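Chain residues, written in single-letter form:
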Amino acid sequence: MKSLLLPLIALILLLIASGCSDDAKPPATPPKPRTKVKVPVFNRDSAYQYIEDQLAFGPRVPNSEGHRNCRDWMVRRLKAFGAQVTEQSFDAKAYTGEILKSTNVIASFNPDAEERVLLAAHWDTRHIADKEEEGSERINEPIMGADDGASGVGVLFEIARQLQAQPIPMGVDIILFDAEDYGDGANDNPESWCLGSQYWSNNPHRKDYQAQFGVLLDMVGARDARFPKEGTSKYFAPQLLDKVWGLAQRMGKSKYFVNEAVSPTVDDHLFVNKLARIPMIDIVNLPADRTYGFYHHTHQDDLPLIDKGTLAAVGQVVLSVVYNTSNGDF
């Protein structure tokens, strides 16, 4: 009996010792539950006012007084929304050879959060009205850019206001790209456009910056706007594109978010995808019968063009994307 008992005791002691080894791993800590925040209601009147405020500075062409004054106003407003604001100043060489004194304005909410999404628009306006009828006396005058520039900024400002009023734990970066619209319209020269997003993509405002995904807003305020699935977005970020459009359609916004694929466009998201390697899609007005709206790069792109219903549709969808992502529901 004794000879059988000793080996059994030794085995028990060995098992106890191995259980107390330094190599033993403690039980995994379960992930903390997400802090969920209800998706706010987008205020169309507020977004419209931010567009009107921008137009009060006149055309926002780089090197102009209106451009400088609008930049300063944007920085003040974004700081008032509680964002950490970075002014990324740079010199961009235009296709004309002119040096454009430019600034990307970056507003960061929860700047230390690892999980981040990126929202963007361009804030400059076209330096010429090159799509005016031939012979027009105003063809060489800069445009107001109510839709082409100001609408995206207006929507993002309202989202920034909501992020302050109803904070979320996720990080959100709003980038207002400069020098987007000073490109060569006469030649096939894609890299002459979107100079601000090219600069930022090569020189992000934070070292090793990353985001889960990005959404670009360009021309998102015109009456009867139509947002199909744009080709560059479909090439670089097809799953994100389908998720956003699917959400929009479940929200009853299929009048605006059309389930139709169209040709690629050159816009800021092209360079964010290619250079920064962040999957980004573009919400951009692309009517069925033409490449861009009838007002594109003309003096018709002014405040009467803007429709609050369009702003509300886009703004509510983007707000839902941001808050649902933070909640873990997107």
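Residues numbered from 1 in each chain as written. Predicted model: local features only at pLDDT ≥ 70, side-chain atom pairs only at ≥ 80, totals over all residues. Heavy atoms only, no water.

A.B. asks: Describe the environment of Arg71, naming the residues involved and giving the relevant values.
C.D. replies: For Arg71, the position within the fold is in helix 3 (residues 65-80). What Arg71 contacts, discounting residues up to four positions off in sequence, is Glu87, Thr103, Val105 and Trp123. Within the structure, Arg71 has its side chain in polar contact with the side chain of Asp72 (distance 3.1 Å). (Helix = DSSP H or I, 4+ residues; strand = E, 2+ residues; numbered from the N terminus. Contact = heavy atoms within 4.5 Å. Polar contact = N/O pair within 3.5 Å; in protein donor to acceptor, adjacent residues only side chain to side chain.)

A.B. asks: Any chance you could break down the sheet that holds strand 3 (residues 116-122) for me, citing the residues and the numbers?
C.D. replies: In space, the 6 strands of this open sheet follow the order 1-2-4-3-5-8, with mixed pairing throughout. In this open sheet, the two strands that pair with only one neighbour each are strand 1 (84-93) and strand 8 (280-284). Going from strand to strand, the sheet's axes swing by 20° on average, the running direction of each strand aside. Relative to strand 8, strand 5 (residues 214-218) runs parallel, the two sharing 5 bridges. Its bridge partner being in strand 8, Val215 is matched across the sheet by Ile281. Lying over the sheet, helix 8 (residues 268-276) contacts strand 3, strand 4 (171-177), strand 5 and strand 8, oriented at roughly 175° with respect to strand 8. Strands in contact with helix 9 (residues 308-327) are strand 3, strand 4, strand 5 and strand 8; relative to strand 3, the strand with the most contacts, it is inclined by about 160°. (Pairing = 2+ DSSP bridges. Axes fitted to C-alpha atoms, helices over the stretch in contact; angles between N-to-C directions.)

A.B. asks: How would you explain the layout of surface pockets if you had to name every residue and give the values?
C.D. replies: In this structure, the largest pocket encloses a volume near 440 Å³. For the largest pocket, the lining is made up of 25 residues, of which Trp193, Val266, Tyr292, His296 and His297 are closest to its centre. Looking at side-chain class alone, the lining of the largest pocket contains 7 nonpolar, 7 polar and 11 charged residues. (1 Å grid on protein atoms, 1.4 Å probe; cavity = no way out; pocket = protein on both sides within 12 Å on 5 of 7 lines; lining within 4 Å. Points joined across faces, edges and corners; volume = space filled by probe spheres on them. Nonpolar A, V, L, I, M, F, W, Y, C, P; charged D, E, K, R; others polar.)

A.B. asks: Any details on the nonpolar core? Residues and values, ideally.
C.D. replies: Counting residues in each nonpolar core, the largest one holds 64 residues, and the members touching the most others are Val172, Leu176 and Ile283. Here Val172 is in contact with Ala107, Ser108, Phe109, Arg116, Val117, Leu119, Leu163 and Val322, once residues within four sequence places are set aside. Listed in part, the 13 residues of the second largest apolar core include Leu118, Ala120, Leu216 and Ile278. (Core = buried A, V, L, I, M, F, W, Y, C linked by side-chain atoms within 4.5 Å. Buried < 20%, exposed > 50% of the residue type's maximum accessible area, 1.4 Å probe, protein only.)

A.B. asks: Run through the confidence of the model for the protein, naming residues and quoting values.
C.D. replies: Counting all residues, the mean pLDDT for the protein is 93, and 90% of those residues have values of 70 or more. Note on residues 1-22: pLDDT under 50 across the span, and 1 contact to partners over four residues away in sequence or across chains. (pLDDT = per-residue confidence, 0-100.)

A.B. asks: Give me the lowdown on the side chain of Thr298, citing residues and values where you can.
C.D. replies: Take Thr298: it is sitting in the loop between strand 8 and helix 9. We classify Thr298 as buried; its relative accessible area is 3%. Residues in contact with Thr298, not counting those within four places in the same chain, are Ala129, Lys131, Glu132 and Ile143.

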